[in-house]
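Spelled out from the first residue to the last, the chains are:
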Amino acid sequence: MENKAFVSVAVIWQQSVVSRIFDGTHTDTGYEHYAEPTVPGMPAFLAMPANCLINLAYVLLGWYWWPSGDKGRQTYFQEVFALMALLYGPIQWVRLWTQHHWAAVLDQLLTLPIFAWVIIWCLFLENGWEPYVFLAIEVTSLTSYALALLHTQGFELALSGHVIVVLWRILKVQKHFGNASSIWIIVLGMMCCFGFVSLKMWDRELAQWAIFSRLTGHFWSKVCDVLQFHCAFLFLTLMSRYQRSSVK
């Protein structure tokens, strides 16, 4: 039942992109928005080799964290999160490959429910199975992308709101089930989140330094993004084990 509900949300999301609802949103398209120079003679899908190939890391991350063994409600959250990682890499690669507006919109649209899934997983650990609440959160997350229609920085505003709520819920879970080890995971995750945002924002400014001339700020921001994704897996799976232990 819950899988059908989430599939329905995904179909609505896909139809929204295809039907050009978000044609008016601001996205950065074109190689001029990236500090990494294109390599003459390379095919379009490898025009910026470093920024393109780093997206394989998301696929490897999703494969690494794909749950094995018995499927249950605990592993369901990990499975969906791993699936998001598996999808996110190729979608970002297509954005770099095509430099098309719809690909950029799809990239941004998937980013928001990924953060929202962390909120949902935290709520499950605290309050148990509430599928309609979870569905409402994902719908709200996707709906918040409408801010991108209202302002050029609307997506960034929506993403900032997601990050703040994620941090709030993680700290609440930490208070209930965490220990010193999980605190360090949170600290590392926050550092990676800061690196993800700042390195991407200062991509072109950092390119004046030799160390960022080929492996640019945008590339390292994606490294930070993969690491914060990994930290989320580490924290939430660890808290899932502690939560099961406390119930017993």
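- The name an unreviewed UniProt entry assigns to the protein is Transmembrane protein 187, from the organism Laticauda laticaudata.

## Overview of the pattern of salt bridges
- Inspection of every chain in the model, using the stated rule, returns four salt bridges.
- Its salt-bridge partner being R214, residue E36 comes within 3.9 Å of it at the nearest N-O pair. Here the residue E36 occupies a position in the loop between helix 1 (2–18) and helix 2 (49–53), and R214 occupies one in the loop between helix 10 (203–206) and helix 11 (217–247), the gap between them amounting to 178 residues.
- On the basis of relative accessibility, which here comes to 2%, the residue E36 falls in the buried class.
- Between D107 and R95 there is a salt bridge, and its shortest N-O distance comes to 2.8 Å. A residue pair is termed long-range when its members are at least 10 positions apart, and D107 in helix 5 (residues 101–127) and R95 in helix 4 (residues 73–98) qualify at twelve residues.
- According to the relative accessible area criterion, R95 is buried, its value standing at 11%.
- Salt bridges here are not isolated pairs; linked through shared partners, they connect E126, R169 and K172.

## Some details on the packing of aromatic side chains
- Scanning the model with the defined rule gives 20 aromatic pairs in all.
- Aromatic side chains F45 and W97 sit 5.7 Å apart centroid to centroid with 65° between the ring planes, which places their arrangement in the edge-to-face category. In this pair, F45 is assigned in the loop between helix 1 and helix 2 and W97 in helix 4, connecting sequence segments 52 residues apart.
- You can call W97 partly exposed: its relative accessible area is 44%.
- Geometrically, the ring pair formed by Y64 and W65 is edge-to-face, given 5.4 Å between the ring centres and 85° between the ring planes.
- Note on Y64: relative accessible area 56%, which makes it exposed.
- With a relative accessible area of 11%, W65 lands in the buried category.
- Through a chain of ring-to-ring contacts, the aromatic side chains of Y64, W65, Y76, F77, F81, W117, W121, F124, W129, F134, F229 and F233 assemble into a single cluster.
- The ring of W168 has R169 lying over it, and the distance from NZ or CZ to the ring centre is 4.5 Å.

The rules behind the values
Residues numbered from 1 in each chain as written. Predicted model: local features only at pLDDT ≥ 70, side-chain atom pairs only at ≥ 80, totals over all residues. Heavy atoms only, no water. Salt bridge = Lys/Arg side-chain N within 4 Å of Asp/Glu carboxyl O. Helix = DSSP H or I, 4+ residues; strand = E, 2+ residues; numbered from the N terminus. Buried < 20%, exposed > 50% of the residue type's maximum accessible area, 1.4 Å probe, protein only. Phe/Tyr/Trp six-rings, centres within 6.5 Å; stacked < 30°, edge-to-face > 60°. Lys NZ or Arg CZ within 6 Å of the ring centre and 35° of its normal.

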